[in-house]
Amino acid sequence: MNTEFFRRGPFREGAFPSRLHEPRSAVVLGRWLGSALVVCLATGLISHALQEGSGPLPSRPVNGYRVTQGLHVISGLAMIPLLGAKLWTVYPRLFEWPPVRGVLHALERLGVALLVAALLLEVFTGLLNTVQWYPWPFPFRETHYWLAWTAAGGLLLHLGAKAPTIAEHWRRRGPEVPGRRGFLTAVAASVGLVTLTTAGQTVPWLGRFNLFGARSPDFGPQGLPVNRTAEQAGTVEIPEDWRLTVKGPDQVRLTLADLEAMPQYTARLPIACVEGWSFSAEWTGVRLRDLLDLVGLPEDAAVKITSLERRGYFRTSEMAASYARDPLTLLALKVNGEPLAPDHGYPARIIAPNRPGVLQTKWVKTLEAL
Amino acid sequence: MRAYRVSMVLAGVCVIAFGLHGLVNDPQIAEPADILVWALSAVVVHDGLWLPLACLGGALLARSTAPRFVLIAAASVTAVALPAVLREDADHGNPTLLPLSYQHHLLLLLGACAAVAGAAWTVERLRRRRSARGEDEVSSRRRPSRRSR
């Protein structure tokens with residue numbers, strides 16, 4: 001049978017007239033995309049470890065999580081133009097002829113399919129998570145985590161399979177292909193434009209260019225956006241008999257006035273959300289370690305924090321001793337000089353350095369040893 | 001080279017197996033098949049719908065550097081902004097989420113892209129016309145000398 005009969009449409013020789021479907025462009029774009037992916041993966045794993053409470057959990061640097069998670073979303077968004085340009089460049093390879101040249105070639109193509117599928121879905125779910133939009137039937141966090149490993153493995157496989165091509169085109173050989181420099185510059189400029197118009201949600205001096213970031217400090221009670229409102233959490237009305245319960249070898253129940261009568265400290269700390277936005281504020285309240293000392297909790301005790309929220313994954317959080325004993329970790333009663341707004345966790349919330357926002361428990365009810 | 005390639009491929013296969021094993025066995029993921037369906041759909045939409053359109057648009061509109069430049073930038077920003085634009089009017093119960101006028105911002109930016117593309121196109125045309133006229137002058141000056149020869 002003549003297989004050439006099937007060689008039609010995009011499978012034709014010369015079906016893609018652009019000169020830019022060529023290996024050197026693919027190698028340059030691949031380097032950029034690969035770098036963004038490595039940054040995104042590393043910062044994502046840091047975030048995962050902090051949220052899971054596994055591995056070393058240092059409470060410094062203060063802005064550590066703000067920087068890593070900001071970079072996670074910045075590099076993830078940068079991957080959108082990079083992935084688009086890379087896949088466009090190699091698109092004719094999808095229709096190469098013959099489609100399969102043997103077992104190894106088939107496996108390599110299967111690996112590429114897996115890499116592309118995992119990366120597309122990974123970037124798509126990440127982008128939609130920044131606007132809290134979940135149109136799919138699976139859980140975001142677990143899927144995003146495991147897909148990241150799948151994509152990383154696919155990249156290693158791809159780098160191995162394509163090593164000769166990558167080595168051959170690592171440096172430019174021969175004359176410049178007309179239009180290539182302009183094309184690569186356009187892709188780089190697009191990454192710059194995407195970053196410029198979104199990174200203001202985490203980089204303060206880019207705030208004025210924030211056209212597409214999902215949060216802005218100009219919107220939100222007390223100049224600070226929130227991830228979950230008091231209404232969403234069912235904590236608009238605080239029970240009249242609210243007391244903070246601290247349990248240890250001893251136990252105390254403190255009113256808001258009791259807390260205000262204790263030594264107050266002010267710290268400038270960021271709220272840094274897993275969705276990639278972050279803003280700093282002046283928080284005032286009681287040092288967490290003073291409260292733990294009050295009930296005789298040992299220095300190395302991890303703490304469980306429970307909120308008034310009735311439901312939700314982050315109703316409780318666990319805090320390692322490294323955070324609980326940090327002098328900057330507060331049970332905050334005020335933000336920017338005013339009593340906390342209900343959306344920020346009135347009457348009291350946790351705020352600690354280098355910690356994901358979802359773990360900065362609001363509307364705190366109980367502190368106890370883990 | 002061979003050792004490098006073999007170790008990269010082996011490491012890649014192991015990491016892929018780790019990721020897929022996690023996807024299939026994570027207790028929070030009830031139906032791993034859903035993820036497969038969404039991943040395949042992503043490929044079909046991207047490679048079967050978006051890329052043919054991008055190739056067609058590129059072939060028709062982006063033959064020189066300036067319009068190509070602007071189209072790439074416009075497509076990138078649109079892709080990144082689209083979820084915010086689509087969800088801007090949704091009631092998600094949190095007024096601090098998506099507080100900006102994303103639709104206006106996107107229109108503004110795309111308008112700016114169109115203006116830049118238009119300006120670049122005009123400059124390119126003018127330059128081409130001027131260089132064409134320049135060549136005319138050169139050739140008309142040459143002609144008599146050829147005749148005199």
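Just so it is clear, the model here is predicted, and its values are computed rather than measured.

Colleague: I'd love a proper account of the overall build of chain A, names of residues and values included.
Modeller: A count of helical and extended segments in chain A gives 10 helices and 10 strands. Oriented by its inertia axes, the alpha-carbon framework of chain A measures out at about 85 × 40 × 35 Å. With 370 residues in all, chain A has 47% of them scored as buried. Relative to all contacts within chain A whose residues are 6 or more apart in sequence, the contacts with residues 24 or more apart total 72%.

Colleague: Go over the pairing of strand E1 (residues 244-247) of chain A with me, naming the residues and quoting the values.
Modeller: In the case of a regular strand, side chains alternate between the two sheet surfaces. All names here are of chain A. Of the two faces of E1, the one lined by Leu244 and Val246 is fully buried and the one lined by Thr245 and Lys247 carries no buried residue. Hairpin connection between E1 and strand E2 (residues 251-254): a loop of three residues separates the two successive antiparallel strands. Sheet analysis places E1 next to strand E10 (residues 364-369), joined by three bridges and oriented parallel. Looking at the pairing, lysine 247 lines up with glutamate 368 of E10.

Colleague: Mind laying out the interface of chain A and chain B, listing which residues take part and the relevant values?
Modeller: Taken together, the 65 residues of chain A in the interface contact 59 residues of chain B. Within the residue set of the side of chain A that touches chain B, elements represented by two or more residues are helix H2 (64-89), helix H3 (103-130), helix H4 (140-161), helix H6 (180-198) and helix H7 (230-233) of chain A. Considering every element that reaches the side of chain A that touches chain B, the biggest residue donor is H4 of chain A, with 14 residues. The residue makeup of the side of chain A that touches chain B, split by class, is 45 nonpolar, 17 polar and three charged.

Colleague: An account of the packing of H2 of chain A against helix H3 (residues 65-87) of chain B is requested, with residue identities and associated values reported.
Modeller: Two numbers describe how H2 of chain A lies on H3 of chain B: the axes approach to 10 Å, and their chain directions differ by 135°. Between H2 of chain A and H3 of chain B, the interaxial angle falls into the category oblique. The chirality of how H2 of chain A crosses H3 of chain B is right-handed. Between H2 of chain A and H3 of chain B, the contacting residues are Leu77, Ile80, Pro81 and Gly84 of chain A on the first element and Ala75, Ser76, Ala79 and Val80 of chain B on the second.

Colleague: For unusual backbone geometry, give the residues involved together with the corresponding values.
Modeller: Residue and element names in this part refer to chain A. Proline 61 follows arginine 60 through a cis peptide bond whose omega is -5°. Within the secondary structure layout, proline 61 lies in the loop between helix H1 (23-52) and H2. Residue proline 347 follows tyrosine 346 across a cis peptide bond; omega there is 10°. On the secondary structure map, proline 347 appears in the loop between strand E8 (338-339) and strand E9 (349-351). In this structure, asparagine 354 is a non-glycine residue whose phi angle is positive, near 50°.

Colleague: Outline the UniProt feature "transmembrane region" (unreviewed entry) in chain B, supporting the account with residue identities and numerical values.
Modeller: Residues and elements named next belong to chain B. Using the residue numbers shown here, the UniProt feature "transmembrane region" (unreviewed entry) corresponds to residues 35-62, 69-86 and 106-123. For residues 35-62, helix accounts for 96% and strand for 0%, while the C-alpha atoms at its two ends are 36 Å apart. Strand forms 0% of residues 69-86 and helix 100%; the C-alpha atoms that close the span are 25 Å apart.

Colleague: Let's hear about the UniProt feature "domain: Oxidoreductase molybdopterin-binding" (unreviewed entry) in chain A: which residues, and what values?
Modeller: As recorded in UniProt, the sites labelled "domain: Oxidoreductase molybdopterin-binding" (unreviewed entry) are residues 239-369 of chain A. The span residues 239-369 of chain A is 13% helical and 40% strand by assignment, and the distance between its end C-alpha atoms comes to 24 Å.

Colleague: So what's going on with the nonpolar core? Which residues, and what values?
Modeller: With 122 residues, the main nonpolar core has Met79, Leu82, Ala118, Leu331 and Ala332 of chain A together with Ala73 of chain B as its most contacted residues. Per-element accounting of this core gives the leading share, 13 residues, to H2 of chain A. The contacts of alanine 73 of chain B, once residues within four sequence positions are left out, are Ala186, Ala189, Ser190 and Leu193 of chain A together with Cys113 of chain B.

Colleague: With reference to specific residues and values, describe the domain arrangement of chain A.
Modeller: All names here are of chain A. Under the domain assignment, chain A is made up of domain 1 (4-209) and domain 2 (223-369). For domain 1 versus domain 2, the separation of C-alpha centres amounts to 38 Å. Counting residues at the interface gives 22 residues for domain 1 and 21 residues for domain 2. At the level of elements, H1, H2 and H3 are the ones that each hand at least two residues to the side of domain 1 that touches domain 2.

Colleague: Can you tell me about the packing of H1 of chain A against H6 of chain A, naming the residues and giving the values?
Modeller: All names here are of chain A. Axis separation between H1 and H6 bottoms out at 11 Å; the angle between their running directions is 20°. In terms of axis orientation, H1 runs roughly parallel to H6. Pair H1 / H6 crosses with right-handed handedness. Where H1 abuts H6, its residues Arg24, Ser25, Val28 and Leu29 lie against Arg180, Phe183, Leu184 and Val187. Partitioned by chemical class, the residues of the contact of H1 with H6 number five nonpolar, one polar and two charged.

Colleague: Describe the sheet that holds E1 of chain A, listing the residues and the values that go with them.
Modeller: Adjacent strands of a sheet pair through backbone hydrogen bonds, lying either parallel or antiparallel. Residue and element names in this part refer to chain A. As summarised here, the arrangement of the five strands in space is E2-E1-E10-E5-E6, forming an open sheet in which the pairing is mixed. Two strands bound the open sheet, and with one partner strand each, they are E2 and strand E6 (316-319). Within the sheet, the average angular offset between the axes of one strand and its neighbour, ignoring direction, is 15°.

Colleague: Mind laying out the confidence of the model for chain B, listing which residues take part and the relevant values?
Modeller: Residue and element names in this part refer to chain B. Averaged over every residue, the pLDDT of chain B is 89; residues scoring 70 or more account for 90%. Summarising per-element confidence for chain B, the mean pLDDT is lowest in helix H4 (residues 102-148) (79) and highest in helix H1 (residues 2-25) (97). In the model output, the complex is listed with pTM 0.94 alongside ipTM 0.94.

Colleague: Got a sec to walk through the environment of glycine 182 of chain A? Specific residues and values, please.
Modeller: Its location among the elements puts glycine 182 of chain A in helix H6. For glycine 182 of chain A, a count of 16 C-beta atoms within 10 Å corresponds to the partly exposed category. For glycine 182 of chain A and tyrosine 145 of chain A, which are 37 residues apart along the polypeptide, the C-alpha to C-alpha distance reads 36 Å. Sequence-distant contacts of glycine 182 of chain A, defined by excluding residues within four places in its chain, comprise Thr65, Arg68 and Phe69 of chain B.

Criteria and thresholds
Sequence order as written defines the numbering, with residues in each chain counted from 1. Following the order in which they are written, the chains are lettered starting with A and the ligands numbered starting with 1. Where totals are concerned, whole chains, interfaces and linings use all residues; where local detail is concerned, this predicted model gives features only for residues with pLDDT of at least 70, and gives and counts side-chain atom pairs only at 80 or more. Strands are runs of DSSP state E lasting at least 2 residues, helices are runs of H or I lasting at least 4, and numbering of each runs from the N terminus. Partly exposed residues are those whose C-beta has more than 12 but fewer than 20 other C-beta atoms within 10 Å; with 20 or more the residue is buried, with 12 or fewer it is exposed, and the C-beta atoms are placed from the backbone. Contact criterion: two residues are in contact if their C-beta atoms, reconstructed from the backbone, are within 7 Å. Should DSSP find at least two bridges between two strands, the strands are taken to pair. When residues are grouped by polarity, Ala, Val, Leu, Ile, Met, Phe, Trp, Tyr, Cys and Pro land in nonpolar, Asp, Glu, Lys and Arg in charged, and all others, Gly among them, in polar. Inter-axis angles, ranging from 0 to 180 degrees, are taken between N-to-C directions of lines fitted to C-alpha atoms, where helices are fitted over the stretch in contact. Roughly parallel means an angle under 35 degrees; roughly antiparallel, over 145; roughly perpendicular, 65 to 115; everything else is oblique. Definitions for this section: a left-handed crossing has its near helix turned counterclockwise from the far helix by less than a right angle. A right-handed crossing has that turn clockwise. UniProt positions are given in the numbering used here, feature names are shortened, and annotations may be inferred rather than shown by experiment. Throughout this description, the term nonpolar core refers to a group of buried Ala, Val, Leu, Ile, Met, Phe, Trp, Tyr and Cys residues whose C-beta atoms join them within 7 Å. The split of the chain into domains comes from an automatic or database domain assignment. Each residue carries a pLDDT score, the predictor's confidence in it, ranging from 0 to 100.

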